[in-house]
Amino acid sequence: MNTTNTYQVKGMHCASCASNIERTVKKIAGVENISVNNGTENAKITFDSKMTSPEIINQNLEPLGYSLVIQTAEEMGTTIIAHAGHLELNQSKSEKLAEIAVMKKGVFGALPIAGISIFIMAWEILGSYQLVTPMSLTIYEFFHHLLPIFATYIFITIGKPYLLGVYRFFRYGSANMDSLIGLGTSVAFIYSFIVSAFEEVLAPYLSAQYNFYDVTIVVITFIALGKYLEAKSKLKTGDAIEKLLGLQAKTALVIRDGKEIEITIEAVILGDLIVVKPGQKISVDGVVVEGSSYVDESMITGEPVPVEKTINAQVVAGTINTTGTFNFRATKVGSETLLSHIIKMVEEAQGSKAPIQALADKISTVFVPTVLVIAIISFGFWMYFGLPVFGFPKALSFALTSFVGILVIACPCALGLATPTAIIVGVGKGAKEGVLVKDAATLETLHKANVVVVDKTGTITKGKPTITKVQVLGDKNEQEIIGILATLESKSEHPIAYAIVNYAKEKNIALTTPSNFEIVKGKGLKGTIGDTEYFVGNLKIISDLNISYDTQSLEEETKQGRTPVLLATKNTLLGVVFVADPIKPEAIETVKALHKLKKTVVMLTGDNKNTAEYIAKIVGIDQVFAEVMPADKLNIIKDLQAKGNIVVMVGDGINDAPALAQADVGVAMGTGTDVAIESAGITLLGGDISKLVKAVKLSKITMNGIKQNLFWAFLYNIIGIPLAGGLFYPIFGWLLSPVFAGFAMAMSSVSVVSNSLRIKAMKL
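What you see is a predicted model, and the numbers here were worked out from it, not measured in a lab.

Points about the overall build of the protein
Working step 1: In terms of regular secondary structure, the protein is built from 28 helices and 26 strands.
Working step 2: Here the protein holds 764 residues, and the buried ones make up 52% of them.
Working step 3: Look at the contacts in the protein between residues 6 or more apart in sequence, and 69% of them connect residues 24 or more apart.
Working step 4: Of the roughly 34200 Å² that the protein leaves accessible, carbon and sulfur atoms contribute 58%.
Working step 5: In the protein, 67 positive and 68 negative side-chain charges are present, and the distance between their average locations comes to 4 Å.

Quick word on helix α23 (residues 609-619)
Working step 1: Among all positions in α23, only Thr611, Ala612, Ile615, Ala616 and Val619 are buried. End-on, the buried residues of α23 take up no more than an arc of 130°, which puts them together on one face.
Working step 2: Buried residues along α23 sit against α17 (456-460), α21 (551-558), β20 (562-568), α22 (585-596), β22 (600-604) and β23 (623-625).
Working step 3: Downstream of α23 by a residue or two, Gly620 has a phi angle that is positive, lying close to 100°.

Thoughts on helix α2 (residues 54-61)
Along an α-helix, residues three or four apart share an orientation, since each turn contains 3.6 residues.
Working step 1: Of all the residues in α2, the buried ones are Pro54, Ile57, Asn58 and Leu61. Angular distribution of buried residues about the axis of α2 spans 100°; they occupy a single face of the element.

Some details on the sheet that holds strand β10 (residues 307-309)
Working step 1: Spatially, three strands are ordered β10-β9-β12 in an open sheet, and the strand pairing comes out antiparallel. Looking at which strands have only one partner, the edges of the open sheet turn out to be β10 and β12 (320-321).
Working step 2: Looking at chain direction, strand β9 (residues 293-296) and β12 are connected through two bridges and run antiparallel. Residue pairing in the sheet places Val295 in a bridge with Asn321 of β12.

Some thoughts on the side chain of Ser756
Working step 1: Residue position: Ser756 is located in helix α28 (residues 738-757).
Working step 2: Among the polar contacts made by the side chain of Ser756, one reaches the side chain of Thr421 at a distance of 2.8 Å.
Working step 3: If near-sequence neighbours (up to four positions away) are discounted, Ser756 is found in contact with Ala418, Thr421, Ala422, Val425 and Asn709.

Points about the sheet that holds strand β8 (residues 285-291)
Working step 1: Strand order in the open sheet formed by six strands is β6-β5-β7-β13-β8-β11, with antiparallel pairing between adjacent strands. Here the strands that pair on one side only, and so sit at the sheet edges, are β6 (259-264) and β11 (314-315).
Working step 2: Pairing analysis gives six bridges linking β8 to strand β13 (residues 326-332), with the strands arranged antiparallel. Bridge assignment links Asp285 to a residue of β13, and that residue is Lys332.

Examining the packing of aromatic side chains
Working step 1: Evaluation of the coordinates by the stated rule reveals 18 aromatic pairs.
Working step 2: With a centroid separation of 6.4 Å and 20° between ring planes, the pair formed by Phe189 and Phe193 is classed as stacked. Taken together, the residues span about one helical turn, with Phe189 and Phe193 both in helix α7 (residues 177-197) at a distance of four residues.
Working step 3: What makes Phe193 partly exposed here is its relative accessible area of 46%.
Working step 4: Pairing Tyr384 with Phe385 gives two aromatic rings, centres 4.9 Å apart and planes at 85°, and the pair type is edge-to-face.

A closer look at the pairing of β22
Working step 1: Within β22, four of the five residues are buried, leaving the element largely enclosed by the surrounding structure.
Working step 2: With five bridges joining them, strand β15 (residues 451-455) and β22 adopt parallel strand pairing. Bridge pairing links Val452 to Val601 in β22.
Working step 3: In the sheet, β22 pairs with β23 via three bridges, with the strands oriented parallel.

Quick look at the packing of α7 against helix α14 (residues 392-409)
Working step 1: Following both chains from N to C, one finds α7 and α14 inclined at 155°, their axes separated by 7 Å at the closest point. Here α7 lies roughly antiparallel to α14, going by the angle between them. Once α7 is placed against α14, the crossing between them reads as left-handed. Where α7 approaches α14, its residues Leu180, Ile181, Leu183, Gly184, Val187, Ala188 and Tyr191 are matched on the opposing element by Leu396, Leu400, Phe403, Val404, Leu407 and Val408.

Considering a nonpolar patch on the surface
Working step 1: Together, Ile190, Phe193, Ile194, Phe198 and Val201 make up a nonpolar patch on the protein surface, roughly 490 Å² of accessible area in all.
Working step 2: Among the elements that line the nonpolar patch, the one with the most residues is α7, at three residues.
Working step 3: Along the chain, Phe198 turns up in the loop between α7 and α8 (199-202).

Section: unusual backbone geometry
Working step 1: Even without being a glycine, Asn508 presents a positive backbone phi close to 55°.
Working step 2: Along the chain, Asn508 turns up in the loop between α19 (495-506) and β17 (515-520).
Working step 3: Residue classification places Asn508 among the exposed residues on the basis of a relative accessible area of 69%.
Working step 4: Even without glycine at this site, Lys598 takes up a positive phi of about 65°.

Concerning the nonpolar core
Working step 1: Grouped together as the largest cluster of nonpolar side chains are 67 residues, with contacts concentrated most on Ile217, Val371 and Leu407.
Working step 2: Those residues within four positions of Ile217 in sequence are excluded, and the remaining contacts are Ile113, Ala114, Ser117, Leu147, Phe150, Ala151 and Ile154.

Here's the deal with the pairing of β6
Working step 1: Of the strand pairs in this sheet, strand β5 (residues 251-256) and β6 are connected by six bridges, and their pairing is antiparallel. Bridging from a neighbouring strand, Leu253 pairs with Glu262 of β6.
Working step 2: Between the antiparallel neighbours β5 and β6 lie two residues, among them Asp257 with a positive phi of about 55°.

Considerations on the pattern of salt bridges
Working step 1: Following the criterion strictly, the structure yields 10 salt bridges and no others.
Working step 2: With a closest N to O distance of 3.9 Å, Glu260 and Lys277 form a salt bridge. In this pair, Glu260 sits in strand β6 while Lys277 sits in the loop between β7 (273-276) and β8, placing the two residues 17 residues apart along the sequence.
Working step 3: Among the residues examined, Lys277 registers a relative accessible area of 35% and is labelled partly exposed.
Working step 4: Notably, a salt bridge pairs Lys570 with Glu533, separated by 3.7 Å at the nearest N-O pair. Of this pair, Lys570 sits in the loop between β20 and β21 (573-580) while Glu533 sits in strand β19 (residues 532-537), placing them 37 residues apart in sequence.

Points about the side chain of Ser117
Working step 1: For Ser117, the location among the structural elements is in helix α4 (residues 84-128).
Working step 2: For Ser117, a relative accessible area of 1% corresponds to the buried category.
Working step 3: Among all residues touching Ser117, those that are not within four sequence positions of it are Leu147, Asp214, Ile217 and Val218.

Considerations on the environment of Ile583
Working step 1: Inspection of the secondary structure assignment puts Ile583 in the loop between β21 and α22.
Working step 2: Since its relative accessible area comes to 23%, Ile583 is described here as partly exposed.
Working step 3: Through-space distance from the C-alpha of Ile583 to that of Thr459 is 9.0 Å; in sequence the pair is 124 residues apart.
Working step 4: Not counting residues within four places of it along the chain, the set of residues in contact with Ile583 comprises Ile460, Thr461, Lys462, Ile615, Ile618 and Val619.

A few points about the confidence of the model for the protein
Working step 1: Mean pLDDT over the protein works out to 83, with 90% of the residues at or above the 70 mark.
Working step 2: Across the protein, the element-wise mean pLDDT spans from 44 in helix α3 (residues 73-76) up to 95 in β7.
Working step 3: When the criterion is pLDDT under 50, residues 73-90 qualifies, and its contacts beyond four places in sequence or with other chains add up to 28 contacts.

The rules we used
Numbers given for residues are sequential positions, taken from 1 along each chain in its written order. Totals for whole chains, interfaces and linings use every residue, but because this is a predicted model, local features are given only for residues with pLDDT of at least 70 and side-chain atom pairs only at 80 or more, for both listing and counting. To get the side-chain values, all heavy atoms of the structure are used, and hydrogens and water are removed first. Numbering goes from the N terminus for both helices and strands, where a helix is a DSSP run of H or I of at least four residues and a strand is a run of E of at least two. For every residue, the accessible area (1.4 Å probe, protein chains only) is compared with the maximum for its type, and the residue is labelled buried under 20%, exposed over 50%, or partly exposed between those bounds. Contacts are residue-level and defined by heavy atoms, with any inter-residue pair within 4.5 Å sufficient. The method behind every accessible area is Shrake-Rupley, applied with a 1.4 Å probe, and residues are considered shielded solely by the protein chains displayed. We treat Lys and Arg as the positive residues and Asp and Glu as the negative residues; His and chain ends play no part in the count. In this description, the location of a charge corresponds to atom NZ of lysine, CZ of arginine, CG of aspartate or CD of glutamate. What the arc covers is the set of directions going from the helix axis to the C-beta atoms. In this analysis, strands are considered paired if DSSP registers two or more bridges between them. Side-chain atoms alone can form a polar contact between residues adjacent in sequence; in general such a contact is a pair of N or O atoms within 3.5 Å, and within protein one must be able to donate a hydrogen while the other accepts it. Each pair of aromatic rings taken from Phe, Tyr and Trp, with Trp reduced to its six-membered ring, is defined by centres within 6.5 Å and is described as stacked if the planes are under 30 degrees apart, edge-to-face if over 60, and tilted in the remaining cases. In this analysis, axes come from line fits to C-alpha atoms, helices being fitted only over the stretch in contact, and the angle between any two N-to-C directions falls in the range 0 to 180 degrees. Oblique is the label for any angle not under 35 degrees, not over 145, and not in the 65 to 115 range, which are roughly parallel, roughly antiparallel and roughly perpendicular in turn. Crossing handedness follows the turn of the near helix against the far one: under a right angle anticlockwise gives a left-handed crossing, and clockwise gives a right-handed one. Without a salt bridge and with relative accessible area above 30%, a residue can belong to a patch; like charges are then joined within 9 Å and nonpolar side chains (Val, Leu, Ile, Met, Phe, Trp, Tyr) within 5 Å. In what follows, salt bridge is the name for a side-chain nitrogen of Lys or Arg lying within 4 Å of a carboxyl oxygen of Asp or Glu. Put simply, a nonpolar core is a bunch of buried Ala, Val, Leu, Ile, Met, Phe, Trp, Tyr and Cys residues held in one set by side-chain atoms that sit within 4.5 Å of each other. For every residue, the predictor states its confidence as a pLDDT score lying anywhere from 0 to 100.

Right, dumping it as structure tokens:
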């Protein structure tokens, strides 16, 4: 039986680490698939639980320096299994903070030593150009003996992860960023130690002047500093999840055995009667059964105005009661609440990979061995061509400088962080704006789309139609017609059905129970009341019955945006009810904004053609397909795609499921508690169509951030590797010092993460 789980991964900090983990785990029998995300430091693994387990996977990973964080059932608890993912996030952050504290201690302990080394380097360089007084022999001798001590301390303590990287490279053939840094600094340190320890013996061949103690000290310190700053910055990219977790109530006031008792949120069960007082957070999803109040639902809908809640109104976990006290019945608890769904969706989206990352993944897989080859070739080149020109000591110094510089600057960290950090920040920003993104691929595709297809009811219109006119045609009066219609429509879930049933309730018209009820797809419904079979629906259902009707009066009404609902028996048309669904105020501005973004807007609806065209004209929609059935919507999407269009479909996420699945990007209108998260790539919370524009802008901003990150990541290596290798030395006399290489490498990762964090501040 296949199981899919997401695990935090310890010991991972670069793109090569991610590649090593994926390559190792894929070889394990029973593992179907694995996707490792360097940005979130987690691995999503699908495996056959009969053939393997997380413990077996760890046995393969631990020798390479990695391990999955596995929670036992006891740790997760029997009552909080639904929240295990959230608990893991909190544990992960706690562990990460502890790890950062250790890094900080090491870095700040090494910085003074690095400062002294840089001071000595600067003094020697400036002294050689007569810009400062050259170092006296006494001072030179002092530092000559001090630097090896400093270098040994830094090399063994702060450089320990890199030494382990070298060991694992030679022991298991697994190379990553640590391997590159470790090889470079080890060669620099060992060479320096040999020439200083055997200075007199090697004097005819090598000069102690050409040592790399300062390189060992400063490179390791710079890289450790860069990793520390990177870790701190990456922690900020997860702010969205942390804030969502902060919305959860910690306790709930429930009524049990007639008494109010306060319990933890994990102990709430379905059916519990929960009391909510002013200022309290609502603990779980439910339905109001007593009292009334106004609830701040801005975390779900984005609307700042509190919403009135009376009996039978739905309430959502994480929202805040503002005024009165009310009781509600728990209908969804644990992982089933809307807030839990949102947190899970954001977490999964942040951990997913965008297609654009495939290039970086492919490069990272071969990057480390390629760099090692380039470094060795560069070393050999300098020794072969430099020996007759510079002599052995200087040629060897240049060769080592080149070798170490290439290994240090070529670290693929920035490349590995380019995509995931931008995705994490982008998805988090979207969640704050009420735009839930299902995966990174969706976010990448959205801004490329040139056609936006929208459903009418519930998307362009409010989806809460009201009766505007009743036309009596047969032998029954208006009250009887409404009674029959409402009785039949009470079995339907269509928005128009609700309008008719509510109208009957307002008129105090009694309803009966129909028999032989049946939905007629795309046309209406039918059912039997008493001994009579009735048909309700659009003109298609009347046409099937071969009942004639004067369509002129019907067209006059439909031109005004009113939808006709016809009631008939097998032989006679009894009456027509006209229903109007008001246009959402934000729909017109949304379509205008989409046009500015150069998107063609198409409307699909099963409604009457005249009604559809009337609404489309008001809103400014470019093209209308009316009177279409669900299968027709699917075919229209296919036809648009066949013409080379990238299509976005916006619908309610349930009735439009086939079209949403077919479109390049499916966008579901989430109306608070009824969020069709699984139906589409993007969900707009609160059913607000204007958030579609924000989603498109978010897609563009995030992808621009990724492209900028990749550009800078590639640029560092495209310029840095040849510079470190000495390609520009014959022309300009440029040879990159490993010290500057270390600084550049460290700052490349920090700059990529910082650029991703800019997305937070951008306006949608």
